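# Breakdown of the fold
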Amino acid sequence: MSEIPLWLQSPPPNLKLDQFKLPLYPFQNSGAIFLAQNPNSLLRDSVGLGKCPQSLAAFNALVRKQPTLKCLIVVPASLIHQWKDEIEKFTTFKSIIYRGQKKTRDNIMKTFIRDPEIQCLITNYEIVRRDEDNFLDLHREFPYIIIFDEAQKIKNHRSKTAQAIKLLSMRSSGNKLLTATPVFNNVLDLYGLFKIINPAVFGTYVNFMNNFTNYYMMDMGSYQIPVYQGPKNIPLLKDKIKGYVFGREKKDVYNQLPPLTFSDRFVALPEHHQEIYDALEQEKLIVDDVETKDIDRLAALTHMQSCADAVEHLNTTVAPSHPKIDECIQIIEEEFDDDKIIVYSKFTRTIDILNAELKKKNIAHFNIDGRIDAAQRDANKKAWENHPGKAILV
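Every chain is numbered on its own, with residues counted from 1 as its sequence reads. Owing to the predicted nature of the model, reporting of local features is limited to residues with pLDDT of at least 70; listing and counting of side-chain atom pairs is limited to 80 or more, with chain, interface and lining totals taken over all residues. Processing note: side-chain calculations cover all non-hydrogen atoms of the structure and skip hydrogens and water entirely.

### With respect to the overall build of the protein chain
Helical segments are the DSSP runs of H or I of at least four residues, strand segments are the runs of E of at least two, and each set is numbered from the N terminus. Helix and strand counts for the protein chain stand at 16 helices and 12 strands. A principal-axis box enclosing the C-alpha atoms of the protein chain has dimensions of 70 × 60 × 50 Å. Each residue's exposure class comes from its accessible area (1.4 Å probe, protein chains only) as a fraction of the maximum for that residue type: buried when under 20%, exposed when over 50%, partly exposed otherwise. A total of 394 residues make up the protein chain; the buried ones form 44% of that total. Of the contacts made within the protein chain by residues no fewer than 6 positions apart, 70% connect residues no fewer than 24 positions apart. In the protein chain, which carries 50 positive and 49 negative side-chain charges, the distance between the mean positions of the two groups comes to 12 Å. Every residue pair with non-hydrogen atoms within 4.5 Å of one another is taken to be in contact. His is not counted, nor are the chain ends; Lys and Arg add positive charge and Asp and Glu add negative charge. Lys charges are placed at NZ, Arg charges at CZ, Asp charges at CG and Glu charges at CD.

### Some thoughts on the sheet that holds strand β1 (residues 40-43)
Picture the strands of a sheet paired through backbone hydrogen bonds; they go either parallel or antiparallel. By this definition, two strands are paired if DSSP reports at least two bridges between them. The strand order β3-β4-β2-β5-β6-β1-β9 describes an open sheet built from seven strands, whose pairing is parallel. Each edge of the sheet is formed by a strand with only one pairing partner; in this case those strands are β3 (94-97) and β9 (245-246). By the bridge criterion, five bridges tie strand β2 (residues 70-75) to strand β5 (residues 144-148) in an arrangement that is parallel. Bridge assignment links K70 to a residue of β5, and that residue is Y144. Orientation is described by axes fitted as lines to C-alpha atoms, over the contacting stretch for helices, and by angles from 0 to 180 degrees between their N-to-C directions. Where helix α3 (residues 80-90) meets the sheet, its contacts fall on β2, β3, β4 (118-124), β5 and β6 (175-178), and the angle it forms with β4 comes to roughly 160 degrees.

### Description of the packing of helix α14 (residues 323-335) against helix α15 (residues 348-360)
Put simply, α14 and α15 touch, their axes get as near as 10 Å, and they point 45 degrees apart. Viewed along their axes, α14 and α15 adopt a mutual orientation that is oblique. Between α14 and α15 the crossing geometry is right-handed. Between α14 and α15, the contacting residues are I325, C328, I329 and I332 on the first element and T350, I353, L354, E357 and L358 on the second. Under this grouping Gly is polar, as are all residues other than the nonpolar Ala, Val, Leu, Ile, Met, Phe, Trp, Tyr, Cys and Pro and the charged Asp, Glu, Lys and Arg. Across the contact of α14 with α15, the residue classes break down as seven nonpolar, one polar and one charged. Each angle is binned into one of four classes, with values under 35 degrees roughly parallel, values over 145 roughly antiparallel, values of 65 to 115 roughly perpendicular, and all other values oblique. Should the near helix be turned counterclockwise from the far one by less than a right angle, the crossing is left-handed, whereas a clockwise turn marks it as right-handed.

### A closer look at α15
Working rule for helices: expected span equals 1.5 Å times residues minus one. With 13 residues, α15 should cover 18 Å at 1.5 Å per step; its first-to-last C-alpha distance of 19 Å lies within 8% of that length. For α15, every residue scored as buried is listed here: T350, I351, I353, L354, N355, E357 and L358. At the C-terminal side of α15, N362 shows a positive phi close to 60 degrees.

### As for a nonpolar patch on the surface
Patch rule: a residue counts if its relative accessible area is over 30% and it has no salt bridge; like charges are joined within 9 Å, and nonpolar side chains (Val, Leu, Ile, Met, Phe, Trp, Tyr) within 5 Å. Throughout, the Shrake-Rupley method with a 1.4 Å probe supplies accessible areas, and for residues the shown protein chains are the sole cover considered. Any carboxyl oxygen of Asp or Glu within 4 Å of a side-chain nitrogen of Lys or Arg constitutes a salt bridge here. Taken together, Y216, M218, M220, Y223 and I225 make up a surface patch of nonpolar side chains, about 440 Å² in accessible area. Mapping Y216 onto the fold places it in strand β7 (residues 213-219).

### Quick look at the packing of aromatic side chains
Put simply, two rings from Phe, Tyr or Trp (the six-membered ring, in Trp's case) pair if the centres are within 6.5 Å, and we call them stacked under 30 degrees between planes, edge-to-face over 60, tilted for the rest. The full count for this structure, using the stated rule, is 14 aromatic pairs. Judged by centre distance (5.2 Å) and plane angle (75 degrees), the rings of Y98 and F135 are edge-to-face. Of the two residues, Y98 is situated in the loop between β3 and α4 (102-114) and F135 in helix α6 (residues 132-136); the sequence distance between them amounts to 37 residues. Residues Y191 and F208 carry aromatic rings whose centres are separated by 5.3 Å and whose planes lie at 45 degrees to one another, so their mutual orientation is tilted. Residue Y191 is found in helix α8 (residues 187-197), and its partner F208 is found in helix α9 (residues 205-212); the two are separated by 17 residues along the sequence. You can call Y191 buried: its relative accessible area is 4%. With a relative accessible area of 0%, F208 lands in the buried category. A network of ring pairs unites the aromatic residues Y191, F194, F202, Y205, F208, F212 and Y244 as a single cluster. Whether a charge lies above a ring is judged from NZ of Lys or CZ of Arg, which has to be within 6 Å of the ring centre and within 35 degrees of the ring normal. Sitting over the face of the ring of F142, K70 holds its NZ or CZ atom 5.0 Å from the ring centroid.

These figures capture arrangement, not role.
Okay, here's the thing in structure tokens:
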């Protein structure tokens, strides 16, 4: 959904955000206004456009009008700490994480209810289902809105989690759904999301299937099931969800984003390194010429990429050679002062070599990769962000 509502086609006035530490980009201000003005709504922005600060800004705007309002934030378990970090980064809101053993969770809920200073409670979808009784009476204590991140998690309206979420959402003062998934990828997902946003928009599942999908009935013996084949009546569907769904692609707002600078560096390989790389390239050409599985072609290409990083990845009998890593270190030393830098690699062995070289140069560096548990990854990310000088996140 990149269609801009008429009320947003000219830049709206900036929201008054008394509990925000950082300014919003103009398009984020528009998204926050949309969420604040539409009690039950879906923000479908592309990855990287800041759905988290937009939803928190909407909450800030609503709290200004209703000071006792609180916020439940329901996310996948892997994003809990990220959301807490984002709340601390962008706002002065106090938040608490709802997780742990049952007794611990019960105590956390009591604290959230009793302490007016704690405005946000963060938890994950599975725990809401498991602790349904702890959540369903919250509306008796104070008004609250709910932010659902990665809202596609509740697209299956028949799942137990979606049903628990539905009951909770009916008691809230507003439900803000966030997703980066295009809403027309599979229109069946829309039906599940609108069970939270406004069930009356589409009515029954049968009506929705008949009005907006092409399907056929598959015989399962004693019964039949509908098999989705694609959407239909898209103009009518767009009209139905107008006012509830708003979103932008990066191309829609690129002129409001900080400029990107691309710089390619071409690095020569030492002779012995080049010979090994050339031999791998010849092997790949042979693989490409014969009838073979795609996975074999991918393996040959991966070996070439790995060798280009460091010859010792594939041959430990020759002198180590990793000129790309050396060039990376040189760029870090010469072109950055007290900056925060992110270096990506698809190979853990490359990461290990880079870490060793950074350590030799006494350059602060922190790791995030699949070998590190979630808690330590969060700690490393926070240490990198808070490091006083130049720091590398690998």
